[in-house]
Amino acid sequence: MGGVSGILGTLALVGGVLFLAGIAIAVTSVSQGRNARSGALLAVVGLVIGLLFGIISQGILIIEPTQVGVIVNTLSGQFEAPRRAGTSVVIPVVQIYYIYPINQQQYTMSGSETEGALRGNDAVQSRTVDGQEVALDITVLYNVNPDKVNELHQRWQTGYQENFVRPTVRGLIRDVVSGYRAEDIYGEKRTDMENEMQTRIGERFEAEGLHLTDLLVRDITFSDLFRQAIEQKQIADQEAQQAQLRVVQRENEANQLRAQADGERDAAIARAEGDAQSIVLRAQAEAEALRLVSEQIAANPSLIQYLYVQNLSDNVNIALVPANSPFLFDFSSLAEANPDFVPPAVPTSEPTPDATNSSGG
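It should be emphasised that the depicted structure is a prediction, and the values quoted were computed from it without experimental measurement.

Novice: Can you walk me through the pattern of salt bridges in this structure?
Specialist: The full count for this structure, using the stated rule, is 14 salt bridges. A salt bridge links glutamate 183 to arginine 181; the shortest N-O distance between them is 3.5 Å. You can call glutamate 183 partly exposed: its relative accessible area is 30%. If you follow the salt bridges from partner to partner, you end up with Asp122, Arg166 and Arg170 in one network.

Novice: Would you mind going over unusual backbone geometry with me for this structure?
Specialist: Trans peptide bonds make up the majority, and among non-glycine residues the majority have a negative phi. The residue valine 93 is not glycine, and still its phi comes out positive at about 75°. Mapped onto the secondary structure, valine 93 falls in the loop between β3 (86-89) and β4 (95-101). Assessed through its relative accessible area of 71%, valine 93 is described here as exposed.

Novice: Mind showing me how you'd approach helix α6 (residues 190-207) here?
Specialist: Note on helix geometry: an α-helix contains 3.6 residues per turn, so any two residues three or four positions apart are oriented the same way. Along its 18 residues, α6 runs 26 Å from first to last C-alpha, staying within 8% of the 26 Å computed at 1.5 Å per residue. Restricting attention to buried positions, one finds in α6 the residues Met193, Met197, Ile201, Gly202 and Phe205. Down the axis of α6, the sector holding all buried residues measures 160°, keeping them to one side. In this structure, the buried residues of α6 make contact with β7 (133-144), α4 (160-177), α5 (182-186) and β8 (210-222). Glycine 209, located one to two residues past α6, shows a positive phi value of around 95°.

Novice: Looking at this model, I keep getting lost on the packing of aromatic side chains. Mind explaining?
Specialist: The description of an aromatic ring pair rests on the distance of the ring centres and on the angle between the ring planes. In the structure shown here, the tally under the stated rule is five aromatic pairs. Geometrically, the ring pair formed by tyrosine 186 and phenylalanine 222 is edge-to-face, given 5.5 Å between the ring centres and 70° between the ring planes. Of the two residues, tyrosine 186 sits in helix α5 while phenylalanine 222 sits in strand β8, which places them 36 residues apart along the sequence. Since its relative accessible area comes to 7%, phenylalanine 222 is described here as buried. An aromatic cluster is built from Tyr142, Trp156, Phe164 and Phe205, whose rings are joined through pairwise contacts.

Novice: Is there a simple way to explain the nonpolar core in this structure?
Specialist: Soluble globular proteins tend to pack their nonpolar side chains together in the buried interior. Formed by 37 residues in total, the largest nonpolar core has its most connected members in Leu136, Ile138 and Val165. If sequence neighbours within four positions are ignored, valine 165 has contacts with Tyr107, Val140, Tyr142, Tyr160, Phe205 and Leu210.

Novice: Help me out: how do you make sense of the environment of alanine 85 in this one?
Specialist: Topologically, alanine 85 is positioned in the loop between β2 (67-73) and β3. With relative accessibility at 47%, the residue alanine 85 sits in the partly exposed group. Sequence separation between alanine 85 and proline 65 is 20 residues, and the spatial gap between their C-alpha atoms is 4.8 Å. Apart from residues lying up to four places away in sequence, alanine 85 is in contact with Ile63, Glu64, Pro65 and Gln67.

Novice: Looking at this model, I keep getting lost on the pairing of strand β1 (residues 60-63). Mind explaining?
Specialist: Regular strands place their side chains on alternate faces of the sheet. Burial along β1 is two-sided: the face carrying Ile60 and Ile62 and the face carrying Leu61 and Ile63 are both buried. Both β1 and β3 contribute to a ladder of four bridges, which runs antiparallel. Bridge pairing links isoleucine 60 to valine 89 in β3.

Novice: Mind showing me how you'd approach the environment of glycine 116 here?
Specialist: Tracing the backbone shows glycine 116 in the loop between β5 (105-109) and β6 (124-127). The partly exposed category is assigned to glycine 116, whose relative accessible area is 30%. A sequence separation of 23 residues divides glycine 116 from threonine 139, and the C-alpha atoms of the two residues are 8.4 Å apart.

Novice: In this structure, what is going on with the packing of α4 against α6? I would like to understand it.
Specialist: If you want to describe how two helices pack, look at the angle between their axes and the distance between the axes. Running from N to C, α4 and α6 point in directions that differ by 140°, and their axes come no closer than 10 Å. Along this stretch, α4 crosses α6, giving a crossing that reads as right-handed. Taken together, the residues of α6 that come into contact with α4 (itself represented by Phe164, Val165, Thr168, Val169, Leu172, Ile173, Asp175, Val176 and Val177) are Met193, Glu196, Met197, Arg200, Ile201, Arg204 and Phe205. Residue composition of the contact of α4 with α6, grouped by class: 11 nonpolar, one polar and four charged.

Novice: Which parts of the structure should I look at to understand the side chain of aspartate 137?
Specialist: For aspartate 137, the position within the fold is in strand β7. Of the side chains with opposite charge, arginine 218 comes closest to the buried, unpaired aspartate 137, at an N-O distance of 5.6 Å. Within the structure, aspartate 137 has its side chain in polar contact with the backbone nitrogen of glycine 111 (distance 3.0 Å). Once residues lying within four places of it in the same chain are set aside, the contact partners of aspartate 137 are Met109, Ser110, Gly111, Ala123, Leu216, Val217, Arg218 and Asp219.

Cut-offs applied
Residues numbered from 1 in each chain as written. Predicted model: local features only at pLDDT ≥ 70, side-chain atom pairs only at ≥ 80, totals over all residues. Heavy atoms only, no water. Salt bridge = Lys/Arg side-chain N within 4 Å of Asp/Glu carboxyl O. Buried < 20%, exposed > 50% of the residue type's maximum accessible area, 1.4 Å probe, protein only. Helix = DSSP H or I, 4+ residues; strand = E, 2+ residues; numbered from the N terminus. Expected span 1.5 Å × (residues − 1). Arc of directions from axis to C-beta. Contact = heavy atoms within 4.5 Å. Phe/Tyr/Trp six-rings, centres within 6.5 Å; stacked < 30°, edge-to-face > 60°. Core = buried A, V, L, I, M, F, W, Y, C linked by side-chain atoms within 4.5 Å. Pairing = 2+ DSSP bridges. Axes fitted to C-alpha atoms, helices over the stretch in contact; angles between N-to-C directions. Left-handed = near helix turned anticlockwise from the far one by under 90°. Nonpolar A, V, L, I, M, F, W, Y, C, P; charged D, E, K, R; others polar. Lys, Arg positive; Asp, Glu negative; His and termini not counted. Polar contact = N/O pair within 3.5 Å; in protein donor to acceptor, adjacent residues only side chain to side chain.

Laid out in structure tokens, this is it:
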């Protein structure tokens, strides 16, 4: 499409050259006394060609895919329907056109010297609700709405970026920031602030024929005093958290010790209860055994004597009993119970010869 316009422009240029050449030939012929008809004819042909193709080239409007054309009728002063991508015809002088880009554009306001639409510190200076100064680096991504390009042209002409985008974004950002505390912007409410900025700027853009694609808060700069206060607060919060953590750890350790003590106490109680039950059971068993023994002794009084004799060693033939005590055993009963029983010899009270001799000596 651009080639057609170039060709037409070239032909118009060629016509202009032929016109000038014809004029030169005619002047030369007249000065030499010759007929200037050929030069005049060439000049007329060149003029016709130049005007024809010049007008045609001005009447052909070629619009790229990333563009939209605004057509204004100079006679009525009315806007025609926007021209989209392609080749169309306009009437020179009667219709004039303006080309607008519809691809994504950006406008950056930054505190850096080498960034942004304007050189130098162009960050948006704002004041929070609690009086803190903040500077914001902002980038807006947007594009022209092709359906509303006539309204955009009518209000702002082609200078919409400097006359509308820049002051509108800066003003709305200041309004939004003024509703937040600096500490909130520094912390968890920064996202809420950015969302509010994007909503308000997007609505304002739509009303003017622009579509906001995205709003980027690239950096927020606080005053030195505020940064120091925030850092001190963060340090204090960290120390408080660490102290709380130590308290929790000590509580956990105390709970573990209490649980261990409770376990040891329960184990000791269980052991004591077991020992007590064991003692009771042993006592009950011993009492039952004694009861049974008592019953047997009561039924058979000689049982003790019999058991004693039965438990004597096989090579024991003599049993000694105190001389000054009654007999320990009922020998008659034992003899009746055991025919082989021989009563033991009872020693006399006479001293032994060795004992006599010892005493005499």
